[in-house]
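Summary of structural features
If you want the building blocks of each chain, they are given just below.
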Amino acid sequence: MEKLELNYQEIQAVLPHRHPFLLIDKIVDGEAGQFAVGHKAISGNDPIFQGHFPGQPIYPGVLQVEALAQVGAVALLSLEENKGKIALFAGLGKVRFKSLVKPGDLLELSCRFTGTKGPIGYAEGEARIDGKLACKAELMFALMTEE
C-alpha cells in the first residue's frame with residue numbers, strides 16, 4: 001500500500017471541511033483504510049482562545065476529538081471505493097482527556113481502524129504533544145454518499 005502524506009490543500013481534496021472547521025494541517029503518515037497520523041499546530045491566534053479561556057488559553061477537548069475524527073476520515077476516504085463520500089460520526093466511546101493543550105503545542109493525531117460492522121467503521125484515536133497523551137477516544141464512522 002502507498003503511504004499517506006497530504007498537505008493542507010490535498011486534505012481539502014479528501015475532506016469537505018473548510019476553515020474554520022478544518023482542524024488538521026497535514027497528514028504525515030498512514031495507509032488508506034487502515035490508519036493515519038496528522039498534525040495540528042495550535043496557534044494563539046485561533047479565535048477559540050478569545051473565549052476558551054481569556055487569560056488561560058486551553059484548546060477545547062471537543063475540538064481535539066473532532067481533529068482525531070478528521071484524521072480518521074482522511075484514512076477512510078482515501079480508499080478508492082470511498083472517494084466522493086463523507087465520513088460522519090456514528091458514535092464516541094471511552095473519551096479521556098489527559099493533559100491540557102495550549103497555544104504553541106503541536107498536536108500529533110493518530111487514528112487506527114479496528115474493524116467494521118456493516119456500514120460502520122470502528123477506530124481508536126490518540127492525540128499527543130511531545131509524545132505525552134493529551135486525549136484518546138474510540139470513534140465510530142458511518143459513510144454517506146454526498147448529495
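Everything in this summary refers to the structure shown in the same document. Just so it is clear, the model here is predicted, and its values are computed rather than measured. Residue numbers restart at each chain and count upward from 1, following the sequence in its written direction. Since the coordinates come from a predicted model, pLDDT governs what is reported: local features require at least 70, and pairs of side-chain atoms require 80 or more to be given and counted, while whole-chain, interface and lining totals use all residues. Side-chain metrics in this entry use all non-hydrogen atoms of the structure; hydrogen atoms and water are not considered.

Before going further, it helps to spend a moment on the environment of Leu133. The numbering of helices and of strands both runs from the N terminus, where a helix is a DSSP run of H or I of at least 4 residues and a strand a run of E of at least 2. Following the sequence through the fold, Leu133 ends up in strand β6 (residues 132–145). Between the C-alpha atoms of Leu133 and Gly115, which are 18 residues apart in sequence, the distance is 23 Å. Excluding residues that lie within four positions of it along the chain, Leu133 makes contacts with Lys98, Ser99, Glu126, Ala127 and Arg128. Note on contacts: a residue pair qualifies if any of its non-hydrogen atoms lie within 4.5 Å across the two residues.

Excluding glycine, most residues fall at negative phi; most peptide bonds, likewise, are trans. With an omega dihedral of 10°, the bond running from His19 to Pro20 counts as a cis peptide bond. Each neighbour pair has its own omega, and for His52 with Phe53 the value is -10°, a cis peptide bond. Counting through the fold element by element, Phe53 comes out in the loop between β2 (35–41) and α2 (61–77). Although it is not a glycine, Lys94 adopts a positive phi angle of roughly 50°. Residue position: Lys94 is located in strand β3 (residues 85–97). Take Lys94: its relative accessible area is 59%, and that puts it in the exposed class. Within the chain, Asp130 stands out as a residue other than glycine whose phi angle is a positive 50°. When a residue's accessible area, from a 1.4 Å probe over protein chains only, is under 20% of the maximum for its type it is buried; when over 50% it is exposed; and in between it is partly exposed.

Think of a nonpolar core as a cluster: buried Ala, Val, Leu, Ile, Met, Phe, Trp, Tyr and Cys residues, connected wherever their side-chain atoms sit within 4.5 Å. Within the largest apolar cluster, 37 residues are counted, with the highest numbers of intra-cluster contacts made by Ile11, Leu15, Ile24, Ile27, Leu107, Leu109 and Phe141. Elements with a contribution of two residues or more to this core: α2, β4 (106–117), β5 (120–129) and β6. Considering every element that reaches this core, the biggest residue donor is α2, with eleven residues. If near-sequence neighbours (up to four positions away) are discounted, Ile27 is found in contact with Leu4, Glu5, Leu6, Ile11, Ala36, Val37, Gly38, Val71 and Val74.

Further remarks concern the side chain of Gln64. Residue position: Gln64 is located in helix α2. Among the residues examined, Gln64 registers a relative accessible area of 3% and is labelled buried. Setting aside its immediate chain neighbours within four residues, Gln64 contacts Tyr59, Phe97, Val101, Leu107, Leu109, Ala134 and Cys135.

Moving on, we get to the packing of aromatic side chains. Aromatic pairing here means that ring centres of Phe, Tyr or Trp (its six-membered ring) are within 6.5 Å. Orientation follows from the plane angle: under 30 degrees is stacked, over 60 is edge-to-face, and everything else is tilted. For the coordinates displayed, the defined rule picks out two aromatic pairs. Here Phe49 and Tyr59 contribute two aromatic rings whose centre-to-centre distance is 6.3 Å and whose plane-to-plane angle is 55°, an arrangement assigned as tilted. Separated by ten residues along the polypeptide, Phe49 in the loop between β2 and α2 and Tyr59 in the loop between β2 and α2 bring together distant segments of the chain. Across the pair, exposure class does not vary: Phe49 and Tyr59 are buried alike. Ring centres 5.3 Å apart and planes at 45° place the aromatic pair Phe113 and Phe141 in the tilted group. Of this pair, Phe113 sits in strand β4 while Phe141 sits in strand β6, placing them 28 residues apart in sequence. The two residues Phe113 and Phe141 agree in class, both being buried. Any Lys NZ or Arg CZ that is within 6 Å of a ring centre and within 35 degrees of that ring's normal is treated as a charge sitting over the ring. Against the face of Phe35 rests Arg112, its NZ or CZ located 4.4 Å from the ring centre.

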